[in-house]
Each structure stands twice: as C-alpha cells, then as structure tokens.
Amino acid sequence: FLTDSDDAAVARAMLRDRGITDSSVEAFALGYAPRDPFWLHSFLSKKGYSSEFLQESGLFTRANPRRALFAGRLMFPIITQRGDVIAFGGRILEGDGPKYINSPETILFRKRNSLYGINVALSAIRSAKSVVLAEGYTDVIALNQAGIVHSVAPLGTALTDEQAQLLLRYAESIQLVFDGDEAGIQSTRRSAEVFERKETQVVVTALEPGLDPAQLLLNEGSQAVVDALSSPLTVLEYLLQRSLRENSVATPEGKEFVLRELFPYITLIQSEVRRGESLRLVADYIGVPVEAVRNDFAKHVRVAKDGPNTRGKAKSDATGTRGQRQPDQGLT
C-alpha cells in the first residue's frame with residue numbers, strides 16, 4: 001500500500017518531507033494503514049483468520065471488533081531481535097486524533113520488554129558493544145540514515161528495567177540522545193537512573209530545546225548528527241548544565257535548589273570514588289566549599305534512608321534546647 005496506493009500518497013509525501021529514504025522504508029518495513037477502517041478485517045477474514053483470533057490480535061478496537069485500530073496512518077512495525085513482528089505504532093497523517101497510537105499489549109507484545117529498531121540495530125550493537133538510545137521511531141531512522149546504525153528507542157514511555165537489561169545483553173556502553181524539550185530532559189534523567197542502578201555508566205548528547213535527531217538530520221544533514229554525538233557529556237555534567245540554565249547560583253537558595261536536583265542521581269552512584277568526584281565537581285560549579293556539599297549530601301542520604309521525620313530531628317538538634325540556632329555546617 002505505502003509504495004503504490006493512491007490512498008497512501010499523503011504518507012509518501014510525509015516521508016519525503018521528513019527526509020526518510022526508500023532504503024529506510026525497506027529496512028524498517030514501514031507501511032500504511034488504509035483509510036477504510038473495515039478493510040483489514042475483511043481482508044484477513046478472507047485469508048481464513050477467525051473472528052476470535054482477530055479480536056485478540058490487538059489490530060482492532062474493543063468497541064467494534066471489525067474496526068481497525070489503525071486507519072489512515074503511517075505504520076511503524078515493532079519487530080523483535082529475532083525478526084518477529086509483534087505490534088505496530090501508527091502516525092496520524094490527516095485530521096484529528098492522537099499523533100501516535102500503539103498496539104495494545106497482547107500475548108506476544110509486552111511494551112516494557114520491547115525496543116523499536118532492535119532488529120535493524122542488533123548486529124551493529126554487538127559489533128560496537130555500545131548502543132545509542134533515542135526517543136522515537138523517526139529519531140532511530142534518522143540516526144540510522146546518518147550512519148549511526150546501533151540505535152534503538154523505547155516505545156513512547158520511560159525506559160524500563162527490562163528494556164535496559166535487554167540492551168545490556170549486547171552492549172557495554174550506553175549513549176542517550178533524547179529530545180531537547182522538558183519531556184526529553186526528564187526521559188534522559190530517568191533512563192540514566194535505570195542504568196546507574198545497574199552500575200552501567202552512560203553518556204548523554206545534549207540537543208537544543210525543540211530539536212531531535214530527526215529534525216537535526218533534516219535541517220543540517222548527516223554530518224551534523226554525527227558531530228552532535230561525537231562530544232557527549234557525562235550524566236552529571238548534563239544534569240548540572242541543565243540545572244544551571246534554569247537556576248541562578250548567585251544566591252544560597254539557588255545553590256541549594258541545584259543540589260536538590262542533583263543529589264538523587266548522585267545517591268545512585270555505587271562507586272565511592274565517582275560519588276566523591278561528583279560532589280567535588282558540583283561544588284566547583286556552584287562555587288561553594290566541597291565539605292559543605294558533602295555535609296548537605298550526607299543529610300540528603302539520611303533523610304532518603306530514614307524518612308522525612310529526620311528533618312524534624314535534624315532541625316531540633318541544630319536549634320538546641322533554648323531554640324538558639326547553632327552554626328550550620330552545610331551549604332552557605
């Protein structure tokens with residue numbers, strides 16, 4: 001349908017406008033769901049599939065089991081590392097509705113266990129022993145077109161432990177390149193935390209707000225994508241730079257806010273050396289003595305471990321029996 005149907009002309013136009021090549025269409029098995037929402041049920045029924053089977057396939061709505069879930073959409077098959085098609089994502093082309101919809105979970109498809117593009121990327125991931133984790137379907141395709149073949153994406157949600165474990169079967173190093181908007185920043189942080197808990201170090205490519213790999217490829221070409229990924233940051237550098245963009249450290253309150261944003265990630269670092277160096281780096285960036293940062297970090301760890309009631313105890317200990325505040329050894 002996608003390559004020769006008149007109905008799919010709008011899909012082909014979108015692919016051209018987004019710079020997605022015929023080679024990518026073939027490699028990622030992109031397709032098109034006809035506008036007629038009842039065509040698919042009729043087609044599959046004629047092939048001998050029972051109504052009961054089709055109802056459980058995830059291809060049809062629950063409200064009307066003859067109506068296709070995907071209609072008039074550009075289709076992105078979700079394919080396992082073994083090459084089995086287990087679900088789909090569909091992008092709207094015209095009219096109203098959600099930009100993307102995905103197959104519901106079925107006996108074959110568990111979103112938290114699946115990654116987009118793993119079938120195309122697996123050989124390159126094994127060879128490089130590394131993987132680039134992007135945010136969406138078109139980002140993976142754009143990275144592939146730029147020659148960064150070892151790239152995959154979670155399926156529109158935060159990275160799960162299962163997805164991370166799947167990647168770590170084949171890769172030793174991880175690079176994150178999510179969108180430069182607020183949602184992308186939060187996805188970067190959550191994904192980094194998942195890998196940190198598994199004691200896997202991660203680097204991050206920081207894109208400008210409103211920019212993603214697909215848009216970068218379209219605007220500036222393959223070399224710009226390669227260049228963007230060639231100078232990654234550590235997770236701490238990335239989080240620190242983002243926090244400093246949004247918070248002034250000219251005041252004690254601003255310094256404290258930056259620390260509150262960074263401490264949860266630093267807490268996850270298992271290596272005492274890396275944790276100590278991280279605290280020193282943060283102290284240098286915000287311009288306070290490293291001992292002050294270490295003291296405040298120790299307080300954060302105690303509260304995280306023992307619960308918020310330790311705040312009240314710490315405050316009582318600091319003020320003394322006569323309510324006189326004692327010198328604070330933490331952040332100043």
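Please read these numbers as outputs of a predicted model, since none were measured by experiment.

Side note on the sheet that holds strand 5 (residues 130-134)
Part 1: On the basis of which strands lie adjacent, the open sheet formed by five strands has the order 6-5-7-8-9 and mixed pairing. Unpaired on one side and paired on the other, strand 6 (151-152) and strand 9 (233-234) mark the two borders of the sheet.

Comments concerning the pairing of strand 5
Part 1: Along strand 5, five of the five residues are buried, which leaves the element largely enclosed by surrounding structure.
Part 2: Burial of strand 5 is two-sided: the residues Ser130, Val132 and Ala134 facing one way and the residues Val131 and Leu133 facing the other way are all buried.
Part 3: Summarising the sheet, strand 5 and strand 6 pair through two bridges and their orientation is parallel. From the neighbouring strand, Val132 faces strand 6, where its bridge partner is Ser151.
Part 4: Crossover connection from strand 5 via helix 6 (residues 137-145) to parallel strand 6: handedness right-handed.

Describing the sheet that holds strand 2 (residues 73-79)
Part 1: Taken together, the four strands give an open sheet; going across it, the order is 1-2-3-4, and neighbouring strands pair in antiparallel fashion. Strand pairing shows two members of the sheet lacking a second neighbour, strand 1 (31-33) and strand 4 (100-102), which therefore form its edges. Direction aside, the axes of adjacent strands within the sheet are offset by 35 degrees on average.
Part 2: The sheet contact formed by strand 3 (residues 85-92) and strand 4 spans three bridges and is antiparallel.

Here's the deal with helix 11 (residues 235-246)
Part 1: Along its twelve residues, helix 11 runs 17 Å from first to last C-alpha, staying within 8% of the 16 Å computed at 1.5 Å per residue.
Part 2: Looking only at helix 11, the buried set comprises Val235, Leu236, Tyr238, Leu239, Leu240, Arg242 and Ser243.
Part 3: Residues of helix 11 that are buried sit in contact with helix 8 (182-197), strand 8 (202-204), strand 9, helix 12 (252-268) and helix 13 (272-286).

Side note on the packing of helix 11 against helix 13
Part 1: At their nearest, the axes of helix 11 and helix 13 sit 11 Å apart, and the two run at 25 degrees to each other. Comparing the axis directions of helix 11 and helix 13 gives the class roughly parallel. By crossing handedness, the relation of helix 11 to helix 13 is classed as right-handed. From helix 11, Leu236, Glu237, Leu240 and Leu244 reach across to helix 13, where they touch Ser278, Leu281, Val282, Tyr285 and Ile286.
Part 2: Class assignment of the residues belonging to the contact of helix 11 with helix 13 gives a composition of seven nonpolar, one polar and one charged.

Thresholds applied
- Residues numbered from 1 in each chain as written.
- Predicted model: local features only at pLDDT ≥ 70, side-chain atom pairs only at ≥ 80, totals over all residues.
- Heavy atoms only, no water.
- Pairing = 2+ DSSP bridges.
- Helix = DSSP H or I, 4+ residues; strand = E, 2+ residues; numbered from the N terminus.
- Buried < 20%, exposed > 50% of the residue type's maximum accessible area, 1.4 Å probe, protein only.
- Right-handed = clockwise from strand over helix to strand, strands pointing away.
- Axes fitted to C-alpha atoms, helices over the stretch in contact; angles between N-to-C directions.
- Expected span 1.5 Å × (residues − 1).
- Contact = heavy atoms within 4.5 Å.
- Parallel < 35°, antiparallel > 145°, perpendicular 65-115°, else oblique.
- Left-handed = near helix turned anticlockwise from the far one by under 90°.
- Nonpolar A, V, L, I, M, F, W, Y, C, P; charged D, E, K, R; others polar.

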